[in-house]
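# Examining the three-dimensional arrangement
The lines below spell out each chain.
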Amino acid sequence: MSTHYAPLLRSDIVTKLCKLHLDNQLVEKIDRLPIEMHPRGKQAIRCCVHKVRAVTKYRAMAVFGFNFYDEEDELTPLSEYAKLALNRAKKSERYLTVIDEACSSCVKSSYTVSNLCRGCVGRHCAFSCNKGAVSFVDGQARIDHEKCVNCGMCMKACPFRAIIYQPVPCEEVCPVGAVSKNERGVEEIDHDKCIQCGRCVVSCPFGAVAEKSDIFQVIDNIRSVKKVIALPAPAIFGQFKTEPGRIIAAIKKLGFDEVVEVAKGANITSQNEADEFEERVINGGEKFMTTSCCPSYMLMVKKHMPEIQPFVSHTRTPMSYTAELVKQQYPDALTVFISPCIAKRSEGYYDPNIDYVLTIEELDSWFTASEIDVLACEHEEPDNSIHPSGRGYPLIKGVANSVVSYSKEENKSKIQPIIIDGLNKLNIRTLKSYAKECPSNLVEIMSCDGGCVGGCANIGNIKTATRQVQSFSVEKK
């Protein structure tokens, strides 16, 4: 979900690459793409047109599935990476990469004195600093960054708000401290800490954090004789301003043999989680249980919160159950999950029933490249066997409400849900405290603010998406 122009650059590149591949011209024309997108004479976004072109090349490499550091020779053309991508069978476990050339403008997080400083007699800033980092030169406050420990006391003390905090956006939003600068001043992702939440991708003002893609492998498999089935997440029905039937029809127009809603698997998850809650909490005496459908949360528990592990539901995700159903019916078919977030790529990597994961953002680029107008597609009847609560999974409280609806009548009043809306630093501390004392017996956790409709790989406005999904997840009387 774009909140600034930088993420749109990736969508534009994915669209152009898809168009070239669909026209069977990818290898022949890809080397000219950076030049065509950024011709001489056009005002450069960065210092010069050459740097803009270099960044475009590395963004294309990421779409092909390569890290910046995979480049062994700078003279290797994009067409060579395109050939390697088209012949690649093995998926990558790590989908996030930082483009070195694009990550060059953020300074280290620090406190800075602005020109609003009045050089007042009170010297509140200097008085508040116990490290001696603040001094006055020519009547203006100065901060010695060799002494400063970034405590922020000077900023809080200044009566004129003349001291500002200059963050590094990707570091600031990372809830687990997985992003930091290396010795060259370029951000790096510590994959041993990373929970694949995608906040760094969305927040970077320079589009330097990119995700690798499998879109070309999916297109090629659709062109083959293999049966390829799309598994769209329920969040997709909030991303296009039309009813689910037209979205399903548009996905089929791309060449998918079938479209199976993951809301179908959400119904299974709800039933199993309701049964598990009864067994573990109501009858088993456990203090509480958390949901388990958010992969970022599951990575958070594994890497950073082992104390919460005993309380996590053992129930699998809607994606997992849906893919299992499809593979049982079509053992030789390829499954492609269409995701509102990046974290599902990580889950899909380890799920034997998931062959590929595409994001909704990539799907939209594919629609554009194929000249498919979703709103103009003919309506196709959605699966009426799906309980509407399954389509409500991407909403905050959607999972908890669905679990309650699937519980036995005598158990419904015993369930007291509490919601963790977004895995930010504050909510992570709150969640950790639940290991000692939890104010509820069922905890729903969503990594993205607002639920899956707020996922980092969506294209729609979260408020509009929420309203649309709500309208499709209400049981008709």
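Located above this text is the structure these notes cover.
The structure displayed is predicted, hence computed values, not measured ones.

### Looking at the side chain of Ser447
Here Ser447 is to be found in the loop between strand S15 (442–446) and helix H21 (462–472). Relative accessible area serves as the criterion here: at 3%, Ser447 is assigned to the buried category. In contact with Ser447, not counting residues within four places along its chain, are Cys197, Arg199, Cys294, Ser296, Gly422 and Leu423.

### Some thoughts on the pairing of strand S12 (residues 334–339)
Note on strand geometry: in a regular strand, side chains alternate between the two faces of the sheet. Among the 6 residues of S12, 6 are classified as buried, and the element is accordingly described as predominantly covered. Here S12 shows a buried face lined by Leu334, Val336 and Ile338 and a second buried face lined by Thr335, Phe337 and Ser339. Sheet topology places strand S9 (residues 228–232) next to S12; 5 bridges connect them, and they run parallel. Bridge pairing in S12 places Leu231 opposite Phe337. Pairing analysis gives 4 bridges linking S12 to strand S13 (residues 356–359), with the strands arranged parallel. Of the residues in S13, the one forming a bridge with Ile338 is Leu358. What joins S12 to S13 is helix H15 (residues 343–350), and the crossover it makes is right-handed.

### Details of the sheet that holds S12
Pairing is parallel in the open sheet, where 4 strands are placed in the order S10-S9-S12-S13. For this open sheet the edge positions go to strand S10 (258–259) and S13, each flanked by a neighbour on one side alone. Strands in contact with helix H10 (residues 215–223) are S9, S12 and S13; relative to S13, the strand with the most contacts, it is inclined by about 115°.

### Let's talk about helix H1 (residues 6–22)
With 17 residues, H1 extends 25 Å between its outermost C-alpha atoms, agreeing within 8% with the 24 Å of an ideal straight helix rising 1.5 Å per residue. Every buried residue of H1 is listed here: Ala6, Pro7, Arg10, Ser11, Ile13, Val14, Thr15, Leu17, Cys18, Leu20 and His21. Residue Asn24 follows H1 closely and has a positive phi angle near 60°.

### Observations regarding empty space enclosed by the protein
Counted under the stated rule, the structure contains 7 cavities of 30 Å³ or more. Lining the largest cavity we find 23 residues, and of these Cys293, Pro295, Pro340, Lys344 and Cys452 sit closest to its centre. Those elements giving two or more residues to the lining of the largest cavity turn out to be helix H13 (295–304), helix H14 (318–329) and H15. Of the residues that constitute the lining of the largest cavity, the class distribution is 19 nonpolar, 3 polar and 1 charged.

Calculation criteria
Residues numbered from 1 in each chain as written. Predicted model: local features only at pLDDT ≥ 70, side-chain atom pairs only at ≥ 80, totals over all residues. Heavy atoms only, no water. Helix = DSSP H or I, 4+ residues; strand = E, 2+ residues; numbered from the N terminus. Buried < 20%, exposed > 50% of the residue type's maximum accessible area, 1.4 Å probe, protein only. Contact = heavy atoms within 4.5 Å. Pairing = 2+ DSSP bridges. Right-handed = clockwise from strand over helix to strand, strands pointing away. Axes fitted to C-alpha atoms, helices over the stretch in contact; angles between N-to-C directions. Expected span 1.5 Å × (residues − 1). 1 Å grid on protein atoms, 1.4 Å probe; cavity = no way out; pocket = protein on both sides within 12 Å on 5 of 7 lines; lining within 4 Å. Points joined across faces, edges and corners; volume = space filled by probe spheres on them. Nonpolar A, V, L, I, M, F, W, Y, C, P; charged D, E, K, R; others polar.

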